[in-house]
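# A closer look at the structure
Listed below are the residues making up each chain.
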Amino acid sequence: MAKLLKANGEIINNYKASNLEDYQKAVGGYIQIVNVRTATATPRVLIVNEEGLLYGLRYNENASLLAMIPIVGDALLIDRKELK
């Protein structure tokens, strides 16, 4: 299950997202995959809005800490094996 890391700091656990349309709906547009390092053994990725900077989306502190780069807008944190 995915975690939705909202730009306002809210975290939604067990977010249902299983395909491209779900991913796009969660982040509000075209997606980009960002690799992250987590304490789990399973490789994880963030799915973010590819055009977030162009749209002037809000800075996402939680996602940025995971990615170690600035992330804007809402982001999905999922296991790499869940990508479809």
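Whatever comes next refers back to the structure up there.
Here goes a summary of the coordinates provided. (Residues numbered from 1 in each chain as written. Predicted model: local features only at pLDDT ≥ 70, side-chain atom pairs only at ≥ 80, totals over all residues. Heavy atoms only, no water.)

### Section: the sheet that holds strand β1 (residues 2–5)
Spatially, five strands are ordered β2-β1-β5-β4-β3 in an open sheet, and the strand pairing comes out antiparallel. Single-partner strands in this sheet number two, and they are β2 (11–15) and β3 (31–36). On average, each strand axis in the sheet is tilted by 25° relative to the strand beside it, whichever way the strands run. Where strand β4 (residues 44–49) lies against strand β5 (residues 75–79), four bridges are found, and the strand directions are antiparallel. Opposite I47, over in β5, you have L76 as the bridge partner. Its contacts with the sheet put helix α1 (residues 20–27) on β1, β2, β3, β4 and β5, and the angle it makes with β5 is roughly 140°. (Pairing = 2+ DSSP bridges. Helix = DSSP H or I, 4+ residues; strand = E, 2+ residues; numbered from the N terminus. Axes fitted to C-alpha atoms, helices over the stretch in contact; angles between N-to-C directions. Contact = heavy atoms within 4.5 Å.)

### Observations regarding unusual backbone geometry
Residues other than glycine seldom take positive phi values, yet N14 does so here, at roughly 55°. Relative to the assigned elements, N14 resides in strand β2. Among the residues examined, N14 registers a relative accessible area of 57% and is labelled exposed. Residue M68 is not a glycine yet carries a positive backbone phi of 65°. (Buried < 20%, exposed > 50% of the residue type's maximum accessible area, 1.4 Å probe, protein only.)

### Remarks on the environment of R44
Mapped onto the secondary structure, R44 falls in strand β4. Among the residues examined, R44 registers a relative accessible area of 15% and is labelled buried. In terms of polar contacts, R44 uses its side chain to reach the side chain of D79, at 2.9 Å. (Polar contact = N/O pair within 3.5 Å; in protein donor to acceptor, adjacent residues only side chain to side chain.)

### Quick look at the pairing of β4
Of all six residues in β4, six are buried; the element is thus mostly enclosed. Here β3 runs beside β4; their pairing, made up of six bridges, is antiparallel. By the bridge assignment for β4, N35 is matched with V45.

### Side note on a nonpolar patch on the surface
On the surface, a nonpolar cluster with roughly 350 Å² of combined accessible area is contributed by L54, Y55 and L57. Within the secondary structure, L57 sits in the loop between α2 (52–55) and α3 (61–67). (Patch = residues over 30% accessible without salt bridge, like charges linked within 9 Å, V, L, I, M, F, W, Y side chains within 5 Å. Areas by Shrake-Rupley, 256 points an atom, 1.4 Å probe, with all protein chains shown as cover. Salt bridge = Lys/Arg side-chain N within 4 Å of Asp/Glu carboxyl O.)

### Details of the nonpolar core
Of all hydrophobic cores here, the largest spans eleven residues; its members are A2, L4, Y15, A17, Y23, A26, V27, V45, I47, L76 and I78. Among the secondary structure elements, those contributing two or more residues to this core are β1, α1, β4 and β5. The element best represented in this core is α1, accounting for three residues. If near-sequence neighbours (up to four positions away) are discounted, Y23 is found in contact with A17, S18, I31, I47, L76, I78, E82, L83 and K84. Among the nonpolar cores identified, the runner-up in size contains ten residues, and V34, V36, L46 and A63 belong to it. (Core = buried A, V, L, I, M, F, W, Y, C linked by side-chain atoms within 4.5 Å.)

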